[in-house]
Every structure is written in structure tokens, then in C-alpha cells.
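# Architecture at a glance
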Amino acid sequence: MIDHKKSTLLATLSVGCVLTLFIAVWASGLWVASDRWGIGDWGCNTARLEAIRATVVEFGQWPGNNPWISGGLPLLGNPTLSLFSIPGVLSLFVGAHWGNQLAILLLIYIGWAGSWLLSGLWWKETWLRAVFSFYIIANPALIHHLTGGHLAFPNFYFLPAAFYFFLRWSDDPWSGLKAGAILGLAFLHSLAYMVQYAF
């Protein structure tokens, strides 16, 4: 006979596997079209990430300027990109194109994990938590902006985990620090749009 904790863990892992499959299929366009930049702002933002990568990796310099666009454009003047963001770090290792795509996939997983934790504060039923998490990662407005290459919008994927820790402040004395660390990651991901609008 399987006890309650094991059955709950099994249900959670099952839902996690199903959602992982959904995320992999939903985001498959990120790696299927590996020979194209994408539509909308994808090309512009990926070119900036490539400028950051080339400046650091090939020239060993701090990426303060982008000499390849408009005769010279300050990279740090664009608050939608950061060397210390998830796309920025991944781009250093696998290139701008794949770094950008893998970062979006990783951010989707971060949004799912945070949503799963947050929903556990309200519901114990696995299916309710799954529906909530699914809605957060497949938010139609967010999908619209992701397909357009608006790289500031994945900041929303940090919010469920931040709210989870904020709401646990009476149970966990370190929850404020944990929420601050997550919001710091959001701030490093993109200084523009979502950080200001959300906070």
C-alpha cells in the first residue's frame, strides 16, 4: 500500500512530466527554426546579445558599446539586455542565438516551478495546481509578446516564485531574502518594462 506522501509525490512528478512535455512541445519553435533569427524584435535583441558575446569572448572587453549597430550604440544604454541576465550568460557559452532560445525555455520552467509553489499555498489538489501553473506559463498576452521577441516580458515568469516567498514571510524568516534574490534575477534579466510596471 502506498502511503499519502508517496502518492502525492507520484502525482506531483506525473504532473511535472506532463507539463514538461507540454513546455517542450509549446516551445519547440525556439529550436526547430535554428537557421532563422525569428520575427519581430528577435533579430534586434539577438544581435545585441551577439554584440555582448563577441565583445566579452572574442575581444576580452567589458560590453559597454556596440560598434556594429548605428555606428556605435551603448549596450548598457539598452535596459532590456544585461550581461548578467540568463540570456546574457548563456550566450557567452553557446552563442547568442541558442543562448537566447535556451534562456526563454529556462524562464518558462522557472515560471512553472514558481506557479506550482504559489498554488500550493491555496490548493492541495494536484489538478488545480496544474491548471494554475499551466495558465501562468501559457498566458496568452505573454505568448503574444514572446513570439514578437520582446525579451523584457519573460520577467513575468519570476513573479510567481517572488509572490510565493512574500506570502510565506510569517512561516519562513528568510522568505524576504529569497524573494529579493528572485526579484534581483528579474532585475538583471531586464531593467525595462516589467520590473517597473510590476514593482
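The structure displayed is predicted, hence computed values, not measured ones. (Residues numbered from 1 in each chain as written. Predicted model: local features only at pLDDT ≥ 70, side-chain atom pairs only at ≥ 80, totals over all residues. Heavy atoms only, no water.)

## Side note on the layout of surface pockets
Where empty space is left becomes clear once a probe the size of a water molecule has been rolled over the atoms. Where we set the bar: Definitions used for this entry: grid spacing 1 Å over protein atoms alone; cavity, a set of points where a 1.4 Å probe fits but cannot get out; pocket, an open set with protein on both sides within 12 Å along at least 5 of 7 lines; lining residue, one with an atom within 4 Å of a point. Grid points are joined across faces, edges and corners, and a volume is the space filled by probe spheres set on the points.
In this structure, the second largest pocket spans a volume of roughly 180 Å³. Around the second largest pocket, the lining is made up of 13 residues, and of these Ile-136, Asn-139, Leu-142, Phe-156 and Leu-159 lie nearest the centre.

## Describing the environment of Asp-41
Filter applied, for reference: For helices the rule is a DSSP run of H or I covering at least 4 residues; for strands it is a run of E covering at least 2, with both sets numbered from the N terminus onward.
Of note, Asp-41 is situated in the loop between helix 2 (29-32) and helix 3 (42-58). Considering only alpha carbons, one finds Asp-41 and Gly-149, 108 residues apart in sequence, at a separation of 4.6 Å.

## Considerations on helix 9 (residues 175-189)
Given 3.6 residues per turn, any residue in an α-helix points the same way as the ones three and four places further on. Where we set the bar: Here the expected length of a helix is defined as 1.5 Å per residue gap, with one fewer gap than residues. Here's how the labels work: a residue is buried when its accessible area is under 20% of the maximum for its type, exposed when over 50%, partly exposed in between, all with a 1.4 Å probe on protein chains only. Of all possible arcs, the one meant is that of the directions from the helix axis to the C-beta atoms.
If you check helix 9, its first and last C-alpha atoms are 21 Å apart, about what 15 residues at 1.5 Å a residue would give, namely 21 Å. Regarding helix 9, the residues found buried are Ser-175, Ala-179, Ile-182, Leu-183, Ala-186 and His-189. Take helix 9 and look down its axis: the buried residues cluster within an arc of 105°, on one side only.

## Some details on helix 6 (residues 126-137)
Counted at 1.5 Å a residue, the expected span for helix 6 with its 12 residues is 16 Å, and the 17 Å between its end C-alpha atoms agrees. Along helix 6, the residues that are buried comprise Thr-126, Arg-129, Ala-130, Phe-132, Ser-133 and Ile-137. Here the buried residues of helix 6 occupy an arc of 165° about the axis, which is enough to place them on one side.

## Side note on the packing of aromatic side chains
Aromatic ring pairs are reported here in terms of the distance separating the ring centres and the angle at which the planes meet. Put simply, the rule is: Paired rings are identified among Phe, Tyr and Trp, the last through its six-membered ring, by centres lying within 6.5 Å, and are further divided according to the angle between planes into stacked (under 30 degrees), edge-to-face (over 60) and tilted (the rest).
Scanning the model with the defined rule gives 6 aromatic pairs in all. Both rings, one in Trp-122 and one in Phe-132, keep their centres 5.9 Å apart while their planes meet at 80°; by these two values the pair is edge-to-face. Highlighted residues: Trp-122 in the loop between helix 5 (96-119) and helix 6 and Phe-132 in helix 6, separated in sequence by 10 residues. Members of the aromatic cluster, joined through ring pairs, are Trp-122, Trp-123 and Phe-132.

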